[in-house]
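Examination of the molecular architecture
What follows is each chain in one-letter form.
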Amino acid sequence: ERLGLGRLTKMKPIATLIVLSLPPLSLCFQSAPPSAHTIHQPCVQFGGVSPRPARLPRSNPLLKNENYHCNRPPIPMAKRKWPPSSTSTRLSMCQLLGMNCAALTDFTFSFRGFAMRGGGTDVHSHGWGLCFYDGRGLRAFHDPDPAAESLLAKFVQTHPVKTLNMVSHIRYATRGEVKLENVHPFQREMWGISFCFAHNGDVSYFDRAKFANDEAGDCLASSNTPKTNIANRSCVKIPWIGRSIGVDDVGERPYNPIGATDSEAMFCAILNALRARFDTLPSLPVLHAAVKSLCHEIVTLDEQHEGTTILNFLLGCGPHIQFAYSWPGSREGSVVWNGLHYLVREPPFGSAHLSDCDYTINFATRTNDDDRVAVIATTPLTDDEDWVEIDKGELLMFDDGLPHVVPEECYEAELRKHGLESDAVPRAPSLEVDVRRYMLRRDFYQGAAI
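Throughout what follows, the structure given in this document is the object of discussion. (Residues numbered from 1 in each chain as written. Predicted model: local features only at pLDDT ≥ 70, side-chain atom pairs only at ≥ 80, totals over all residues. Heavy atoms only, no water.)

Quick word on the packing of helix 1 (residues 108-116) against helix 2 (residues 151-158)
Test applied: Orientation is described by axes fitted as lines to C-alpha atoms, over the contacting stretch for helices, and by angles from 0 to 180 degrees between their N-to-C directions. Here a helix means four or more residues in a row that DSSP labels H or I, a strand means two or more in a row labelled E, and each is numbered from the N terminus. Any angle that is under 35 degrees is reported as roughly parallel, and any over 145 degrees as roughly antiparallel; angles of 65 to 115 degrees are reported as roughly perpendicular and all others as oblique. Put simply, a crossing is left-handed when the front helix is turned counterclockwise from the back one by less than a right angle, and right-handed when it is turned clockwise. In this analysis, two residues are considered to be in contact whenever any of their non-hydrogen atoms come within 4.5 Å of each other. For this scheme, ten residues count as nonpolar: Ala, Val, Leu, Ile, Met, Phe, Trp, Tyr, Cys and Pro. Four count as charged, namely Asp, Glu, Lys and Arg, and the remainder, Gly too, count as polar.
With their axes 9 Å apart at the nearest point, helix 1 and helix 2 run at an angle of 155° to one another. With respect to each other, helix 1 and helix 2 are oriented roughly antiparallel. The chirality of how helix 1 crosses helix 2 is left-handed. Each of Thr108, Phe111, Arg112 and Ala115 in helix 1 lies in contact with helix 2, whose residues at this interface are Ala153, Val156 and Gln157. When grouped by side-chain class, the residues that make up the contact of helix 1 with helix 2 number 4 nonpolar, 2 polar and 1 charged.

See the structure below:
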């Protein structure tokens, strides 16, 4: 990404991490008392994980100069490695962009190409939004106008701001009208931390038109079945998830959607489950396992409804941490593939060319050896870099510009002091205590400087 002179000083090692050779083991949550609606989830497996794919060397030579001509016509289809699909707009979906960095970085390069897809080179013209962390604070921009035409989007592109963690979204409306309240990313405070969430896909289980018109009754009743009061159609209870991490529905919904999208309802349901499960700030390995269990639960519940489940999201959890989950797919009759891809830019840096406008930048001229940036997108933003597609059902945790695939890798972020931080909710007394609560074997973390 485009970097300035300001740099974060390289953090000195705070501990030595000893890599242990252990057989695969499991992190399981204590289940709530069984009920007729209990969903049996597999434990999150530790160990036995294939290594991340190696980054291939760049094949294109470095370019000496930059060229920015986003007002030119779109690049011919033959030159695009990942062109926008030509299919019925009825079958299109939203798109996501995320960025996670080791040093403060501005996101104008990626956002410039991404915004063109909002009504310029693609059909996602029903609004756009962007959230980025400034310390523990969260700055947000939302606009129901197309990103390719939005004056606010142009302002963001021409006024670089640096961050360690960013989430953005361009919308193609499938549920909910084209209104500001339905524009992603959505944001909520939980545990004294700002969370933000953007979703691409189709999850009918959280379709307001379905759960708001279920069997009539008292919407405050304690039941797994969402209710609505016929006399008050605005009184709607969103569906409950959480049995996969050991919490049953007791009727409370601290978080509720403001708009009418399935995405915001799902975000609120995830937060409701996490809030009900933890009375102290979870460590990152435990949080990773909990979020992945909830994702499996959502997919299982959604299989009860017609249509293809497509669930891709980015979840910002403070200034350092971002989760990316992918359950990809295409709508019936569509050739548009909805998944998630990522790349990591790190030394030795090269050049990159945007797919959606004729813009090339040479990162080697504006980076340091300690810079590293992970970029996540629905479809790759550049046509001369090596992007990796996230596997189906995989949850990645990004920190310090690196993907962490399985829970035990998340210890690295804890040792960097990048875990959840709040003055409102206490942390567990130690990582050892936190992982012991969830039946993690003691010999896994002994000797790991924790």
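Some points on the sheet that holds strand 19 (residues 394-399)
Here is the rule we go by: Any two strands are treated as partners once DSSP identifies two or more bridges connecting them.
The sheet built from 6 strands is open, its strands ordered 8-9-12-13-19-20 with antiparallel pairing. Of all the strands in the sheet, just strand 8 (186-190) and strand 20 (402-404) have a single pairing partner and so form its edges. Here the average twist between neighbouring strands, direction ignored, is 25°. Pairing of strand 12 (residues 310-317) with strand 13 (residues 322-327), which is carried by 6 bridges, proceeds in the antiparallel orientation. In the sheet register, phenylalanine 313 faces strand 13, and the bridge partner there is tyrosine 325. Against the sheet, helix 5 (residues 284-302) engages strand 9 (193-202), strand 12, strand 13, strand 19 and strand 20, with an angle of about 30° to strand 13.

Considering the sheet that holds strand 18 (residues 388-389)
As summarised here, the arrangement of the 7 strands in space is 6-5-7-4-17-14-18, forming an open sheet in which the pairing is antiparallel. Looking at which strands have only one partner, the edges of the open sheet turn out to be strand 6 (137-143) and strand 18. Note: strand 5 (residues 128-134) against strand 6, 7 bridges, orientation antiparallel. Among the inter-strand pairings, aspartate 134 is bridged to a residue of strand 6, identified as glycine 137. Across the sheet, helix 1 touches strand 4 (95-106), strand 5, strand 7 (162-170), strand 14 (341-345) and strand 17 (373-377), and the angle it forms with strand 4 is around 170°.

Structural notes on the packing of aromatic side chains
Our working definition: Whether two aromatic rings pair depends on their centres lying within 6.5 Å, for rings of Phe, Tyr and Trp, where Trp uses its six-membered ring; planes under 30 degrees apart make the pair stacked, over 60 edge-to-face, and the rest tilted.
For the structure shown, the criterion picks out 12 aromatic pairs. Judged by centre distance (6.1 Å) and plane angle (75°), the rings of tryptophan 191 and phenylalanine 195 are edge-to-face. Through a chain of ring-to-ring contacts, the aromatic side chains of Phe197, Phe267, Phe313 and Tyr325 assemble into a single cluster.

So, the nonpolar core
Rules: Nonpolar core, defined: a set of buried Ala, Val, Leu, Ile, Met, Phe, Trp, Tyr and Cys residues in which side-chain atoms within 4.5 Å join the residues together. Residue burial is assigned from relative accessible area. The probe radius is 1.4 Å, only protein chains are included, and a residue is buried under 20% of its type maximum, exposed over 50%, and partly exposed in between.
The biggest cluster of nonpolar side chains holds 55 residues, and the ones touching the most others in it are Trp191, Phe195, Phe206, Ile241, Leu274 and Leu311. Every residue in contact with tryptophan 191, bar those within four places of it in the chain, is listed here: Leu274, Arg275, Phe278, Leu281, Pro282, Leu420, Ser422, Ala424 and Val425. If you look at the next biggest cluster of nonpolar residues, it comprises 31 residues, including Leu97, Phe109, Phe111 and Ala352.

Observations regarding unusual backbone geometry
Omega for the peptide link from histidine 184 to proline 185 comes to -10°, which places this bond in the cis form. Looking at the element boundaries, proline 185 is found in the loop between strand 7 and strand 8. Residues proline 347 and proline 348 are joined by a peptide bond in cis, for which omega reads -5°. In the Ramachandran plot, aspartate 400 falls in the positive-phi region, its phi being about 60° despite a non-glycine side chain. Within the secondary structure layout, aspartate 400 lies in the loop between strand 19 and strand 20.

Describing the pattern of salt bridges
Pairing between side chains of opposite charge can happen when the charged atoms of each approach one another. Just so we agree on the cut-off: Definition used for salt bridges: Asp or Glu carboxyl oxygen within 4 Å of a side-chain nitrogen of Lys or Arg.
Tallied over the full model, the rule gives 11 salt bridges. Arginine 139 is the salt-bridge partner of aspartate 134, the closest N and O atoms lying 3.0 Å from each other. A relative accessible area of 42% means that aspartate 134 is categorised as partly exposed. Its relative accessible area of 44% is what places arginine 139 among the partly exposed residues. The salt bridge partner of aspartate 423 is arginine 136, with a shortest N-O separation of 3.7 Å. In this pair, aspartate 423 is assigned in the loop between helix 6 (411-415) and helix 7 (431-436) and arginine 136 in the loop between strand 5 and strand 6, connecting sequence segments 287 residues apart. With a relative accessible area of 74%, aspartate 423 lands in the exposed category. Overlapping salt bridges, with partners in common, bring together Arg372, Asp399, Asp400 and Arg416 in one network.

Bear in mind that shape data such as this cannot, by itself, settle questions of function.
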